[in-house]
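# Structural overview
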Amino acid sequence: NAAADDTTELEFLESGAGFLVRYDTTLWDFDINMKQRRQPGRLLRFGVGFRSIRLYESGLARLNGEFTNTLSNAALVDVANGGGLTPSTGAVGFATGDQLVFASSTQATNHLNGVQATLDASVLESEYFQVGGYAKAGIYYNDVRGSVTEKYHVNDLLRYSRSLKDSKGAIAFAGNLGVTGTISLHDNLRLFGAYELMYLAGVALGPDQVGGIRKNGSNVTSLELQTHGDVFFHGGRVGIEILFP
């Protein structure tokens, strides 16, 4: 059985193979809150609100080089022998001298929705400037979707591929800390700046999904989404605040 023989062989690329890694993240954040009224002398203001967060993750790992030895079509597609790839027209396995490009791409989409508590603090306050800080935190329901796609190009032609997908619900946490400063430029015009830290836990990260590939007793491969990731963001903001009477 050619497939069974192939499973006992060591397959590799010749020296000089190339490797590429890419990782992208997109964050979208929206919230609306009800807070205590701002009053002179009030140092702390509490509030509650609704928050919606979108975290999009993607990763790519690509390996290319000259293949050595042989690997039959049966070994690559036969589930019983650990294969499970989908062949394209003309797929006959890999042979010595083939130029092989293997690409594994991962996707993870997190949709967080839930309630949060907020705290605003006033540290210094005068007629011309204000310095303060804020915090907000909450527990969210995370609607997660993800995929892992593998593609094998042989001599610049797509010959084998595999795509695994999964979706699930999970519990996630989000928390923010920030400092703010405001300078009065006019009676109804202010310049403000802020620096913020943001932490998310219980989310699916793109590169982690490769670790979620599973095989059952029949060698059937599936994806189990990994939602144990955490991520940290930080950055600053500068803007103009217009006050209406």
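What counts, and at which threshold
- Residues numbered from 1 in each chain as written.
- Predicted model: local features only at pLDDT ≥ 70, side-chain atom pairs only at ≥ 80, totals over all residues.
- Heavy atoms only, no water.
- Helix = DSSP H or I, 4+ residues; strand = E, 2+ residues; numbered from the N terminus.
- Rg over C-alpha atoms; globule rule 2.2 N^0.38 Å.
- Buried < 20%, exposed > 50% of the residue type's maximum accessible area, 1.4 Å probe, protein only.
- Contact = heavy atoms within 4.5 Å.
- Areas by Shrake-Rupley, 256 points an atom, 1.4 Å probe, with all protein chains shown as cover.
- Lys, Arg positive; Asp, Glu negative; His and termini not counted.
- Charge placed at Lys NZ, Arg CZ, Asp CG, Glu CD.
- Patch = residues over 30% accessible without salt bridge, like charges linked within 9 Å, V, L, I, M, F, W, Y side chains within 5 Å.
- Salt bridge = Lys/Arg side-chain N within 4 Å of Asp/Glu carboxyl O.
- Phe/Tyr/Trp six-rings, centres within 6.5 Å; stacked < 30°, edge-to-face > 60°.
- Polar contact = N/O pair within 3.5 Å; in protein donor to acceptor, adjacent residues only side chain to side chain.
- Core = buried A, V, L, I, M, F, W, Y, C linked by side-chain atoms within 4.5 Å.

## Structural notes on the overall build of the protein
- Counting its regular elements, the protein contains two helices and 11 strands.
- Sequence-ordered secondary structure for the protein, helices as α and strands as β, is α-β-β-β-α-β-β-β-β-β-β-β-β.
- Here the C-alpha radius of gyration of the protein, 26 Å, is well above what a compact globule of 245 residues would show, namely 18 Å.
- Counting only C-alpha atoms, the protein reaches 85 × 35 × 25 Å along its principal axes.
- Each of the 245 residues in the protein was classed as buried or not, and the buried ones make up 35%.
- Of the contacts made within the protein by residues no fewer than 6 positions apart, 75% connect residues no fewer than 24 positions apart.
- Taken as a whole, the protein presents about 14,100 Å² of accessible surface, with 58% of it coming from carbon and sulfur.
- For the protein, the distance from the average site of its 20 positive side-chain charges to the average site of its 25 negative ones is 12 Å.

## Side note on a nonpolar patch on the surface
- Judged by side-chain polarity, Val123, Leu124, Tyr128, Phe129, Val131, Ile183, Leu185, Leu191, Val238, Ile240, Ile242 and Phe244 come together as a nonpolar surface patch covering roughly 1,200 Å² of accessible area.
- Secondary structure elements with two or more residues in the nonpolar patch: strand 5 (99-125), strand 6 (129-154), strand 7 (157-186) and strand 11 (229-242).
- Ranked by residue count, the leading element in the nonpolar patch is strand 11, at three residues.

## Things to note about the environment of leucine 124
- Following the sequence through the fold, leucine 124 ends up in strand 5.
- When the C-alpha positions of leucine 124 and glutamate 224 are compared, they lie 50 Å apart, and in sequence the two are 100 residues distant.
- Residues within four places of leucine 124 in sequence aside, it is in contact with Phe129, Gln130 and Val131.

## Looking at the pattern of salt bridges
- Evaluated as defined, the whole model comprises six salt bridges.
- Across the pair arginine 162 and glutamate 150 runs a salt bridge whose closest N-O atoms are separated by 2.8 Å. A residue pair is termed long-range when its members are at least 10 positions apart, and arginine 162 in strand 7 and glutamate 150 in strand 6 qualify at 12 residues.
- Arginine 162 sits in the buried class, given a relative accessible area of 15%.

## A few points about the packing of aromatic side chains
- Evaluation of the coordinates by the stated rule reveals six aromatic pairs.
- Here the aromatic rings of phenylalanine 67 and phenylalanine 94 are separated by 5.4 Å at their centres, their planes lie at 70°, and the arrangement is edge-to-face. Of this pair, phenylalanine 67 sits in strand 3 (residues 44-68) while phenylalanine 94 sits in the loop between strand 4 (86-87) and strand 5, and the two are 27 residues apart along the sequence. For the residue pair phenylalanine 67 and phenylalanine 94, the accessibility class agrees, reading buried in each case.
- With a centroid separation of 6.0 Å and 35° between ring planes, the pair formed by phenylalanine 94 and tyrosine 152 is classed as tilted. Taken together, the positions of phenylalanine 94 in the loop between strand 4 and strand 5 and tyrosine 152 in strand 6 put the pair 58 residues apart, joining distant regions of the chain.

## Here's the deal with unusual backbone geometry
- With a phi angle near 75°, asparagine 69 is a residue other than glycine that sits in the positive phi range.
- For asparagine 69, the location among the structural elements is in the loop between strand 3 and helix 2 (73-77).
- Even without being glycine, aspartate 156 reaches a positive phi, approximately 70°.
- Within the secondary structure, aspartate 156 sits in the loop between strand 6 and strand 7.
- Residue class for aspartate 156 comes out exposed when judged on its relative accessible area of 74%.

## Some details on the side chain of lysine 136
- Its place among the elements puts lysine 136 in strand 6.
- You can call lysine 136 buried: its relative accessible area is 14%.
- Within the structure, the side chain of lysine 136 is placed 2.8 Å from the side chain of aspartate 31, a separation counted as a polar contact.
- Setting aside its immediate chain neighbours within four residues, lysine 136 contacts Asp31, Arg51, Gln116, Ala117, Thr118, Ala174, Gly175 and Asn176.

## Digging into the nonpolar core
- Residues Leu13, Phe67, Leu71, Ala75, Leu76, Leu85, Ala91, Phe94, Leu100, Tyr152, Val154 and Tyr160 constitute the largest nonpolar core, which totals 12 residues.
- Only helix 2 and strand 6 provide two or more residues apiece to this core.
- Beyond its immediate sequence surroundings of up to four residues, leucine 85 is in contact with Leu76, Val77, Glu150, Tyr152, Tyr160, Ser161 and Arg162.
- In this structure, Ile53, Leu55, Ala172 and Leu205 belong to the second largest nonpolar core, which totals 11 residues.

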